[in-house]
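In case you want the letters, here they are:
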Amino acid sequence: MMHHKKENSQGFGHGKVLGTTSMGERGQIVIPAEAREELDIKPGEKFIVFGNKRKGAVILVKAEMFNRFADFFMSTSKKFEKMAQAIFDKTNTSSDDDDDDDDLEADEKE
């Protein structure tokens, strides 16, 4: 019989609760020591702040991780653009007469 770890029972997605905090008068929030240690957060670290007003959620993502994701997304999207262009080129190499027929039908409807 397999035993599942319960350490993530207070978790969200693949994360877990790493303490609580509150916002001070100047809008500053202290990240709990346990979270700083587990997530290797150093003084001066930059974060991207996401929020969802309806859900009352604020999410901090290390800027370096977000930049890595953005780089990955951009390189992946370029690959998809090339694939889509290749497919488009293959499907578009038939006759151009089909496109002209579509234009004529559109003109007749107006």
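Residues numbered from 1 in each chain as written. Predicted model: local features only at pLDDT ≥ 70, side-chain atom pairs only at ≥ 80, totals over all residues. Heavy atoms only, no water.

> Just give me the short version of the overall build of the protein chain, but keep the residues and values in it.
Counting its regular elements, the protein chain contains 3 helices and 2 strands. Along the chain direction, N to C, the helices and strands of the protein chain fall in the order α-β-β-α-α. Buried residues in the protein chain amount to 6% of all 110 residues. With the model as given, the accessible surface of the protein chain reaches about 10,500 Å², and the carbon-plus-sulfur share is 57%. (Helix = DSSP H or I, 4+ residues; strand = E, 2+ residues; numbered from the N terminus. Buried < 20%, exposed > 50% of the residue type's maximum accessible area, 1.4 Å probe, protein only. Areas by Shrake-Rupley, 256 points an atom, 1.4 Å probe, with all protein chains shown as cover.)

> Explain the confidence of the model for the protein chain residue by residue, including any values.
With 72% of its residues at a pLDDT of 70 or more, the protein chain has an overall mean of 78. Looking at the elements of the protein chain, mean pLDDT is at its lowest for helix H3 (residues 97-109), recorded as 51, and at its highest for helix H1 (residues 33-38), recorded as 94. Of the regions scoring below 50 in pLDDT, residues 2-9 engages in 4 contacts with residues more than four places distant in sequence or in other chains. (pLDDT = per-residue confidence, 0-100. Contact = heavy atoms within 4.5 Å.)

> Would you mind going over the pattern of salt bridges in detail, with residue names and values included?
Scanning all chains against the criterion turns up 3 salt bridges. One salt bridge connects Lys 16 with Glu 38, and the closest N-O pair in it is separated by 3.5 Å. Taken together, the positions of Lys 16 in the segment before H1 and Glu 38 in helix H1 put the pair 22 residues apart, joining distant regions of the chain. Residue classification places Lys 16 among the partly exposed positions, given a relative accessible area of 23%. (Salt bridge = Lys/Arg side-chain N within 4 Å of Asp/Glu carboxyl O.)

> Could you give me a rundown of the pairing of strand E1 (residues 47-52), with the residues and numbers involved?
Taken together, the 6 bridges between E1 and strand E2 (residues 57-62) define a ladder with antiparallel strand orientation. The residue bridging Asn 52 from the neighbouring strand is Ala 57, located in E2. Connecting E1 to the antiparallel partner E2 that follows it, the hairpin turn spans 4 residues, and Gly 56 within it adopts a positive phi of roughly 65 degrees. (Pairing = 2+ DSSP bridges.)

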